[in-house]
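Notes for the structure review
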Amino acid sequence: MISAKKNNFIVEFRASTIRAARISSDTAPTVIEKVVEIDLSKEESPATIIREFSGAKPTGYLHASCSVYPQDRIVRQVLLDAQRGKEVEFVVDYLKNTVGVDPEAFSAYCLSTQDGGDIELSAYNKKDVLLCGTSKASVAEIQNRLVDSAIYPRRLELGTIGTIGVLKSEIGDDASRSPILFLEIDVDSTNAVIVGPKGVEMARRIDCGSTYIVQALKEEMNLKDESAAEKILKSQDFDLGPIAPKLLRKLLRELQSSIGFFEVQTGSSVSELYCLKDGRILPWLENSICDLLNMSPLRFDIGKWLEVNNITFQSDDCIQKLDSTWVSLFSLVMEFGKGREAS
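Everything in this summary refers to the structure shown in the same document. (Residues numbered from 1 in each chain as written. Predicted model: local features only at pLDDT ≥ 70, side-chain atom pairs only at ≥ 80, totals over all residues. Heavy atoms only, no water.)

**Considering unusual backbone geometry**
Going by this rule: Strands are runs of DSSP state E lasting at least two residues, helices are runs of H or I lasting at least four, and both sets are numbered from the N terminus onward. Relative accessible area decides the class of each residue, using a 1.4 Å probe on protein chains only: under 20% of the type maximum gives buried, over 50% gives exposed, and in between gives partly exposed.
Put simply, Ala 28 and Pro 29 share a cis peptide bond, and its omega is 0°. Looking at the element boundaries, Pro 29 is found in the loop between strand E2 (17-23) and strand E3 (30-39). Its identity is not glycine, yet Asn 222 carries a phi of approximately 55°, on the positive side. Here Asn 222 lies in the loop between helix H5 (210-221) and helix H6 (226-234). A relative accessible area of 71% means that Asn 222 is categorised as exposed.

Quick look at the structure:
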């Protein structure tokens, strides 16, 4: 089953895309030797491409650390309002009553909001934690889909956490640096995370995702169905900026409330935005949110970031294929705190 023993691989696995890289070492410093991107809406047999890319046999598998994005994943900043020794019970109750999941069927863990390290709740002396996880059913489903794509996952990590780690490393400990708003727009919801010099300063779920935006676009442009609206929404050629306030009304209302509360509480202004929809940056979407919230798009030089973190390229051909949305993949070779092995 093991293929290409001399090589190391990392994979970003999304509902619409697979990205993979062959690297010289599992951890930095490392050299990126080769990359591939597979559009799952166009490719019916990703396993063939993966085996070709990795040099695996016709029945072999690429073994990799994988960054994944289950739809039911949670990334929440939680205030531990519990007596000493009752922290675990508090988190279990939070999952059940606030998140609305069965704790027994959910794989959850708590991280430090400052450095992303694993924490032991009973010994943790701070009130804020980053509660992360996904259902065990989603883990099993993703594992099956990976195997169907000729990928054997050696390790699974929530890609959202890796991306947060990258943003924190970009900000560093510079107290004068303004926090970044990181938005992940999924089908039914949006993860909104404020990352600053102190780490994660806000992380919440907003019940408004691309389905809401698609429906609003369909109604606004009088389109015949949602598929036509989705096609326009994904396009890089349409400028939807003039009607953005109508398409984003619900999302913006929630963001304004959260950001306003954060800025009043901390005295810090959120000035930059890193916004992804299904792993992509849509210029009209990013620019519209920035204009309406008085922010600027995050100018992230992925080549410079990789170089600073001892990640280099075997050839210029590799780096020319990349943009800032590839950071989730390369976060897999970084160490953003103690004990980041995922369950």
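**Digging into the environment of Asp 323**
As a reminder of what qualifies: Pairs of N or O atoms are called polar contacts if they sit within 3.5 Å, as long as, within protein, a hydrogen donor faces a hydrogen acceptor (for residues adjacent in sequence, only side-chain-to-side-chain pairs).
You can see Asp 323 is positioned in the loop between helix H11 (316-319) and helix H12 (327-330). In this structure, the C-alpha to C-alpha distance between Asp 323 and Arg 73, residues 250 residues apart in sequence, is 25 Å. Reaching out from Asp 323, the side chain makes a polar contact with the side chain of Thr 325 at a distance of 2.4 Å.

**Comments concerning the pattern of salt bridges**
Applicable threshold: Salt-bridge detection follows one rule: a side-chain nitrogen of Lys or Arg within 4 Å of a carboxyl oxygen of Asp or Glu.
Summed over the entire model, instances satisfying the criterion amount to 18 salt bridges. For Glu 87, the salt bridge identified is with Arg 84, shortest N-O distance 3.2 Å. The buried category is assigned to Glu 87, whose relative accessible area is 6%. Shared partners join several salt bridges into a network, and the residues in it are Glu 12, Arg 14, Arg 19, Glu 37 and Arg 280.

**Focus: H6**
Keep this limit in mind: Read the arc as the range of directions from the helix axis to the C-beta atoms. Any pair of residues with heavy atoms lying within 4.5 Å of one another is described as a contacting pair.
Inspection of H6 places Ala 229, Ile 232 and Leu 233 among the buried residues, and these make up the whole buried set. Buried residues of H6, seen end-on, are gathered within an arc of 100° and therefore sit on one face of the element. Set apart from the buried face of H6 by more than 90 degrees, the exposed residues are Ser 227, Lys 231 and Lys 234. In the core, the buried residues of H6 are packed alongside H5, strand E12 (272-277) and helix H9 (283-293).

**Focus: the sheet that holds strand E5 (residues 74-79)**
Here is the rule we go by: The rule for pairing is simple: two strands pair if DSSP sees at least two bridges between them. Helix axes use the C-alpha atoms of the stretch in contact, all axes being lines fitted to C-alpha atoms, and the angles between their N-to-C directions lie in the range 0 to 180 degrees.
Read across the open sheet, the three strands follow the order E5-E7-E6; overall the sheet is antiparallel. A strand with exactly one partner marks an edge of an open sheet, and here the two such strands are E5 and strand E6 (106-112). Ignoring which end each strand starts from, the neighbouring axes of this sheet average 25° apart. When E6 meets strand E7 (residues 128-135), the two strands line up antiparallel, connected through seven bridges. Residue pairing for E7: Ser 112 is matched across the bridge by Val 129. Along the sheet face, helix H3 (residues 136-148) touches E6 and E7 and points at about 55° away from the line of E7. Lying on the sheet, helix H4 (residues 159-171) is in contact with E5, E6 and E7; it crosses E5 at an angle near 65°.

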